[in-house]
Amino acid sequence: SQTIHQWPATLVQPVGSPLSLECTVEGTSNPNLYWYRQAAGRGLQLLFYSVGIGQISSEVPQNLSASRPQDRQFILSSKKLLLSDSGFYLCALRRGPKNTEAFFGQGTRLTVV
Amino acid sequence: AQTVTQSQPEMSVQEAETVTLSCTYDTSESDYYLFWYKQPPSRQMILVIRQEAYKQQNATENRFSVNFQKAAKSFSLKISDSQLGDAAMYFCACPGGNNDMRFGAGTRLTVKP
């Protein structure tokens with residue numbers, strides 16, 4: 001079965017600093033990968049998704065970017081963090097056909113101070 | 001893009017009673033699945049149940065069942081014999097035609113002993 005590794009679990013960063021969150025998966029090939037953000041007590045906002053290496057679809061114009069340098073690696077980045085970037089970031093994968101469920105990593109709690 | 005609406009930000013239920021969480025969706029897909037996820041305080045996303053849209057029979061998983069009304073695009077979750085461990089955020093999810101997957105805003109369920 002697939003495994004999703006997401007790190008770090010918790011991160012406190014000053015405003016204006018860069019960000020790099022990494023997500024790696026095991027146990028599956030050519031997955032669809034997703035980054036979601038969840039504000040405190042709120043729903044999941046789809047930020048980016050990728051159907052393959054180098055292929056990134058962006059959902060919301062924002063201060064963030066994503067990259068997929070390898071089949072099983074998905075990176076969320078920012079050059080300069082804003083206070084509004086604080087939240088809980090979840091990486092997810094879906095295997096194969098579009099109607100399969102999503103599997104999630106443990107998430108990263110980002111606090112921008 | 002598809003939309004998912006959960007109109008109940010919070011719900012509460014007495015232990016051992018039954019509660020129904022509502023979800024409506026809109027998708028242009030003709031063949032799709034729908035999902036309910038549970039997010040306990042640990043924030044790990046857990047798949048609760050899935051429904052195939054082309055199946056008229058409502059899905060059931062132990063104490064969890066759905067009421068799927070395809071024409072109305074309604075997909076509610078019923079939890080029977082509620083337990084304290086059922087307390088969590090519940091999210092309804094609907095895949096889209098572009099390999100994306102969207103979630104509702106969530107319903108926070110409280111279980112009273």
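Above this text sits the structure in question.
Residues numbered from 1 in each chain as written. Chains lettered and ligands numbered in written order. Predicted model: local features only at pLDDT ≥ 70, side-chain atom pairs only at ≥ 80, totals over all residues. Heavy atoms only, no water.

Some words on the interface of chain B and chain A
Here is step 1 of the chain: The interface is formed by 25 residues belonging to chain B together with 25 residues belonging to chain A.
Here is step 2 of the chain: Here chain B packs against chain A, burying approximately 2,100 Å² in sum over the two surfaces, 46% of which is carbon and sulfur.
Here is step 3 of the chain: It is R43(B), N99(B) and M101(B) that lose the most area in chain B upon contact with chain A, and together they represent 31% of the buried surface on that side.
Here is step 4 of the chain: There are 9 residue pairs in polar contact (both at pLDDT 80 or more) connecting chain B and chain A.
Here is step 5 of the chain: Only β5 (33–39), β6 (46–52), β10 (88–95) and β11 (101–103) of chain B provide two or more residues apiece to the side of chain B that touches chain A.
Here is step 6 of the chain: Here the side of chain B that touches chain A gets 4 residues from one element, more than from any other, and that element is β5(B).
Here is step 7 of the chain: For the side of chain B that touches chain A, the residue count by class is 12 nonpolar, 6 polar and 7 charged. (Contact = heavy atoms within 4.5 Å. Buried area = accessible area lost by both parts, 1.4 Å probe. Polar contact = N/O pair within 3.5 Å; in protein donor to acceptor, adjacent residues only side chain to side chain. Helix = DSSP H or I, 4+ residues; strand = E, 2+ residues; numbered from the N terminus. Nonpolar A, V, L, I, M, F, W, Y, C, P; charged D, E, K, R; others polar.)

So, the packing of aromatic side chains
Here is step 1 of the chain: Within this structure, the stated rule accounts for 13 aromatic pairs over all chains.
Here is step 2 of the chain: A ring pair is formed by Y25(B) and Y32(B), whose centres lie 5.6 Å apart and whose planes are at 65°; its orientation type is edge-to-face. Both residues of the pair, Y25(B) and Y32(B), count as buried.
Here is step 3 of the chain: Joined through ring pairs, the aromatic side chains of Y34(A), Y36(A), Y49(A), F104(A), Y33(B), F35(B), Y37(B) and F103(B) make up one cluster.
Here is step 4 of the chain: The positively charged end of R43(B) is found above the aromatic ring belonging to F88(A), 4.1 Å away from the centroid. (Phe/Tyr/Trp six-rings, centres within 6.5 Å; stacked < 30°, edge-to-face > 60°. Buried < 20%, exposed > 50% of the residue type's maximum accessible area, 1.4 Å probe, protein only. Lys NZ or Arg CZ within 6 Å of the ring centre and 35° of its normal.)

Considering the pairing of strand β9 (residues 87–94) of chain A
All names here are of chain A.
Here is step 1 of the chain: The element β9 is largely enclosed, with a buried count of 8 among its 8 residues.
Here is step 2 of the chain: Relative to β9, strand β4 (residues 32–38) runs antiparallel, the two sharing 7 bridges. Across the sheet, R37 pairs through a bridge with Y89, a residue of β9.
Here is step 3 of the chain: Strand direction decides the pairing type here: β9 and strand β11 (residues 108–112), joined by 3 bridges, are antiparallel. Bridging across to β11, Y89 finds its partner in T108.
Here is step 4 of the chain: Pairing of β9 with strand β10 (residues 103–104), which is carried by 2 bridges, proceeds in the antiparallel orientation. Looking across to β10, one finds that A92 is bridged to F104. (Pairing = 2+ DSSP bridges.)

Some points on the sheet that holds strand β1 (residues 3–7) of chain A
Residues and elements named next belong to chain A.
Here is step 1 of the chain: In space, the 4 strands of this open sheet follow the order β1-β3-β8-β7, with antiparallel pairing throughout. Sheet topology places β1 and β7 (65–70) at the edges, where each strand pairs with a single neighbour. Adjacent strand axes in the sheet meet at a mean angle of 20° when their direction is disregarded.
Here is step 2 of the chain: Both β7 and strand β8 (residues 73–78) contribute to a ladder of 4 bridges, which runs antiparallel. Pairing of S65 across the sheet is with S77, part of β8. (Axes fitted to C-alpha atoms, helices over the stretch in contact; angles between N-to-C directions.)

So, the pattern of salt bridges
Note that side chains of opposite charge can pair when their charged atoms are close.
Here is step 1 of the chain: Overall, the coordinates contain 8 salt bridges over all chains when judged by the stated rule.
Here is step 2 of the chain: A salt bridge links R68(A) to D71(A); the nearest nitrogen and oxygen atoms lie 3.2 Å apart. Comparing R68(A) with D71(A) shows no difference in burial state: the two are buried.
Here is step 3 of the chain: The structure contains a network of salt bridges with shared partners spanning E59(A), D100(B) and R102(B). (Salt bridge = Lys/Arg side-chain N within 4 Å of Asp/Glu carboxyl O.)

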